[in-house]
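Each chain is listed here by its residues.
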Amino acid sequence: MDQTLATIAAPIPFRVSATDDPAELLRFALDAHGRGAAALATLVDIRGGAARTLGSHVVVAADGRFCGYVSGGCVEAAVASEALLAITEGRDRMVKFGDGSPFFDIVLPCGGGITVAIHVLKDAGAIQDVLDCLGQRQEAGLAYSPERQTLEPSDPPPRASWLERDFVSVYRPRTRVVISGQTIEVQAVARLAEVSGYDVVIRGQGEEGRAAAGAIDPFTAVVLLHHDLEAEAAILETALASPGFYIGALGSTRTHRRRVERLAAMGFRRDEIDRIKAPIGIFGPTRDSTSLALSVLAEVAAARPMAYA
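If you're wondering where the values come from, they're calculated on a predicted model, not measured in any experiment. (Residues numbered from 1 in each chain as written. Predicted model: local features only at pLDDT ≥ 70, side-chain atom pairs only at ≥ 80, totals over all residues. Heavy atoms only, no water.)

Chemist: Give me the side chain of Asp21: which residues, what numbers.
Modeler: As for its placement among the helices and strands, Asp21 is situated in the loop between β1 (14-17) and α2 (22-35). With relative accessibility at 18%, the residue Asp21 sits in the buried group. In this structure the side chain of Asp21 is engaged in a polar contact, spanning 3.0 Å, whose partner is the backbone nitrogen of Glu24. (Helix = DSSP H or I, 4+ residues; strand = E, 2+ residues; numbered from the N terminus. Buried < 20%, exposed > 50% of the residue type's maximum accessible area, 1.4 Å probe, protein only. Polar contact = N/O pair within 3.5 Å; in protein donor to acceptor, adjacent residues only side chain to side chain.)

Chemist: An account of the pattern of salt bridges is requested, with residue identities and associated values reported.
Modeler: What the rule picks out here adds up to 20 salt bridges. Across the pair Asp21 and Arg174 runs a salt bridge, and its minimum N-O distance is 4.0 Å. Here the residue Asp21 occupies a position in the loop between β1 and α2, and Arg174 occupies one in the loop between β10 (166-171) and β11 (176-180), the gap between them amounting to 153 residues. Under the relative-accessibility criterion, Arg174 is labelled partly exposed at 32%. For Asp92, the salt bridge is made with Lys122, and the minimal N-O distance between the two is 3.9 Å. Residue Asp92 is located in the loop between α3 (76-89) and β5 (93-98), and its partner Lys122 is located in the loop between β6 (113-120) and α4 (125-135); the two are separated by 30 residues in the primary sequence. In the salt-bridge network here, residues are joined through shared partners; they are Asp21, Arg137, Arg174, Asp199 and Asp217. (Salt bridge = Lys/Arg side-chain N within 4 Å of Asp/Glu carboxyl O.)

Chemist: Could you give an account of the nonpolar core, with specific residues and numbers?
Modeler: Inside soluble globular proteins, nonpolar side chains tend to come together where they are buried. In this structure, Val59, Ile127, Val130, Leu142 and Leu151 are the most contacted members of the largest nonpolar core, which totals 26 residues. Listing elements by their share of this core, those giving two or more residues are α2, β2 (38-47), β3 (57-61), α4, β7 (140-145) and β10. The dominant element in this core, judged by the number of residues it contributes, is α2, at 6 residues. Those residues in contact with Val130, other than ones at most four positions away along the chain, are Leu26, Ala140, Gly141, Leu142 and Tyr171. Counting residues in each nonpolar core, the second largest holds 21 residues, with Val177, Ile179, Ala190 and Ile280 among its members. (Core = buried A, V, L, I, M, F, W, Y, C linked by side-chain atoms within 4.5 Å. Contact = heavy atoms within 4.5 Å.)

Chemist: Please set out the packing of aromatic side chains residue by residue, giving values where relevant.
Modeler: Counted according to the given criterion, the structure contains 1 aromatic pair. For the pair Trp162 and Phe167, a centre-to-centre distance of 5.5 Å together with 75° between the ring planes defines the contact as edge-to-face. For Phe167, a relative accessible area of 1% puts it in the buried group. Directly above the ring of Tyr69 sits Arg15, whose terminal nitrogen or CZ lies 4.1 Å from the centroid. (Phe/Tyr/Trp six-rings, centres within 6.5 Å; stacked < 30°, edge-to-face > 60°. Lys NZ or Arg CZ within 6 Å of the ring centre and 35° of its normal.)

Chemist: Lay out the sheet that holds β10 in plain terms, naming residues and giving numbers.
Modeler: Strand order in the open sheet formed by 4 strands is β8-β7-β10-β9, and the pairing between neighbours is antiparallel. Taken across any chain shown, the strands that pair with only one partner, and hence form the sheet edges, are β8 (150-154) and β9 (161-163). Adjacent strand axes in the sheet meet at a mean angle of 35° when their direction is disregarded. Strands in contact with α4 are β7, β8 and β10; relative to β7, the strand with the most contacts, it is inclined by about 165°. (Pairing = 2+ DSSP bridges. Axes fitted to C-alpha atoms, helices over the stretch in contact; angles between N-to-C directions.)

Chemist: Give a description of the confidence of the model for the protein chain that names residues and reports values.
Modeler: Within the protein chain, residue pLDDT values average 90, and 89% of them lie at 70 or more. Across residues 1-7 the pLDDT falls below 50, and counting only partners more than four positions away or on other chains, this stretch makes 6 contacts in the model. (pLDDT = per-residue confidence, 0-100.)

Chemist: Provide a residue-level description of unusual backbone geometry, including the pertinent values.
Modeler: Note that the residue after Ala278, namely Pro279, is joined by a cis bond; omega there is -5°. Of note, Pro279 is situated in the loop between β15 (276-277) and α10 (289-308). Phi is positive for Arg137, which is not a glycine, with a value near 55°. Summarising the element assignment, Arg137 is placed in the loop between α4 and β7. Taking relative accessible area as the criterion, Arg137 reaches 15% and is therefore assigned buried. Positioned with a positive phi, Glu164 is a non-glycine residue whose angle comes to about 60°. Among the secondary structure elements, Glu164 is positioned in the loop between β9 and β10.

Structure follows, in structure tokens:
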């Protein structure tokens, strides 16, 4: 570390939140910038293994508060210290940790290395633009230019990456889970989904499918927990016509064969019908509502990265 910078009296960094939700991190950055100064630290390179994906953030306020993760928790305080020095100096910086880093006392348990770009926020307008998009359930991007030391709105690429000389981070709306049914399983899945940070919409048995149509976007999973094919018919047809990334339906293999026959007779194509995960869940047969909820949401979580890739 530069000796001149090392002598600057900077606040001692301290974590104020364990969240890694991108929207919450950006809101923290917006608030910290409004109160004085802030820095946005972004994971922009991974060498070997890593605990976080490219584009992950740590946000640091000028008073030492920070939140977010760019690793499993082993370098965040060091990232915050570097960010506080960058704020004091008023200049962005790139810092390596782990493999290839000058900080020999900071070792990543995974054995790899990461590079973190620290940007001192000068204008929070781009962050507000992203939050506005997320509020409208639209994906958004932020392009960071190390050369210009700027942060600007960008069209989101499929995943966070370097595009020429800019690093573009991607932000997507919170996953929504539309649950249809009127059983104990519905409440179990809803409780676990809420704890997992998902937006939850419950549609009661007998509600028309069109009532759910407006809630199903590309970032939505549809979970059908009916014990009667007729009861699920309307919302299932709506789900099949929607851009939702996951459709799961309760029922045995025999029940699903009847479901497939019914949909084929109605004119649905095979590729449309194949979108349905049935029997629902990643674990196979379950015998209690809690196990079913875990199985269903594990399948939703597994489907989400593929849908967003």
